[in-house]
Amino acid sequence: MTDTKTPPVLLVHGWAGSFDRTWMRSGIVDLLADTGRTVVPYDLPGHGTATKSHDPDDYRDLAGDLLARVGASTVGTVGVVDAVGFSLGAITLLRALIRSPQSFNNVVLAGIGDGVFFPHDPARSERILSGLEGRAEPGDITARIFGKIGNESHNDPLALAAVLRRSREEPMTNEQLAAVHNRVLVVLGDKDFSAPADKLAAALPNATLHSLKGIDHFRTPESFEFIDAVLAFLGEQ
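Now for a description of the structure that goes with this document. (Residues numbered from 1 in each chain as written. Predicted model: local features only at pLDDT ≥ 70, side-chain atom pairs only at ≥ 80, totals over all residues. Heavy atoms only, no water.)

Summarising the sheet, strand β5 (residues 184-189) and strand β6 (residues 207-212) pair through six bridges and their orientation is parallel. Bridge assignment links L188 to a residue of β6, and that residue is S211. Handedness of the crossover joining β5 and β6 through helix α9 (residues 198-203): right-handed. (Pairing = 2+ DSSP bridges. Helix = DSSP H or I, 4+ residues; strand = E, 2+ residues; numbered from the N terminus. Right-handed = clockwise from strand over helix to strand, strands pointing away.)

Another aspect to go through is helix α4 (residues 88-99). With twelve residues, α4 should cover 16 Å at 1.5 Å per step; its first-to-last C-alpha distance of 17 Å lies within 8% of that length. With nine of twelve residues buried, α4 lies mostly within the body of the structure. Residues of α4 that are buried include every one of L88, G89, A90, T92, L93, L94, R95, A96 and L97, and no others. (Expected span 1.5 Å × (residues − 1). Buried < 20%, exposed > 50% of the residue type's maximum accessible area, 1.4 Å probe, protein only.)

What follows concerns the packing of aromatic side chains. This model, assessed by the stated rule, comprises four aromatic pairs. Seen from their ring centres, F146 and F193 are 6.1 Å apart, and the 50° between their planes marks the pair as tilted. Of this pair, F146 sits in helix α6 (residues 141-150) while F193 is found in the loop between β5 and α9, placing the two residues 47 residues apart along the sequence. For F146, a relative accessible area of 11% gives the class buried. Classification of F193 by relative accessible area gives partly exposed; the value is 37%. With 5.0 Å between their ring centres and 70° between their planes, F146 and F218 make a pair best called edge-to-face. With F146 in helix α6 and F218 in the loop between β6 and α10 (224-235), this pair connects stretches of sequence that are 72 residues apart. (Phe/Tyr/Trp six-rings, centres within 6.5 Å; stacked < 30°, edge-to-face > 60°.)

Turning our attention to the sheet that holds β6. Spatially, six strands are ordered β2-β1-β3-β4-β5-β6 in an open sheet, and the strand pairing comes out parallel. With one partner strand each, in any of the chains shown, β2 (39-40) and β6 form the two edges of the open sheet. Judged from the four bridges that link them, strand β1 (residues 9-12) and strand β3 (residues 81-86) form a sheet pairing that is parallel. Paired with L10 across the two strands is A83, which belongs to β3. Helix α3 (residues 62-73) contacts β1, β2, β3 and β4 (104-110) of the sheet and is inclined by roughly 155° relative to β1. Of the strands in this sheet, β1, β3, β4 and β5 are in contact with α4, which crosses β4 at around 145°. (Contact = heavy atoms within 4.5 Å. Axes fitted to C-alpha atoms, helices over the stretch in contact; angles between N-to-C directions.)

This part takes up the packing of α3 against α4. Between α3 and α4, the least distance of the axes is 8 Å, while the angle of their chain directions is 75°. In terms of their interaxial angle, α3 and α4 are classed as roughly perpendicular. Here L62, A63, G64, L66 and L67 of α3 come into contact with α4, specifically with L88, T92, L93, R95, A96 and R99. Here the contact of α3 with α4 is composed, by residue class, of seven nonpolar, two polar and two charged. (Parallel < 35°, antiparallel > 145°, perpendicular 65-115°, else oblique. Nonpolar A, V, L, I, M, F, W, Y, C, P; charged D, E, K, R; others polar.)

Given below as structure tokens:
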């Protein structure tokens, strides 16, 4: 960047999360503010304070909605944002980064891995839906955790189901990621079901992979090691 101003930071939560529940609760918003950073509040469609449609077709372009928020947040500033995404938020952020790399400065992708190179598996969404709708097998702990989170009082389970039933884009390609020259930090717990992320990190020309020891998918946003890694990475302007 030629502008010496520090860009704002956009935080993008995962499925069934929100800006308040994921980022405010973890304390990372206050920690970023303590370093002088402006944080951009953002809720994915179907979540938090955003519109909660029950029509899956309304969620077909999550990356476009995110880019619209980036555009609105950078008016009168440096024109780009630093961004941190987790899980669905990281997938959405990565698609937005591929589409418009010039809109971003430094990017953190957490809770996603090499699965971005493969077609969406409907069975995976069905597993989460079974938890959300109370149909999960008693022994399917992952589905039941997703179901518990999705049915928390701040969520609309029908909107979250519609997000899961949205049409999916084609898998990402090495060629697409090779064209992204932004600094990227890929963060993944070594107990995360999305592991590994070696191919994802290797496909991005300016990426670093950080493994969180003993951390699973659900504990990532509140992991002290994750928060420390994000603060250190974003502090390296």
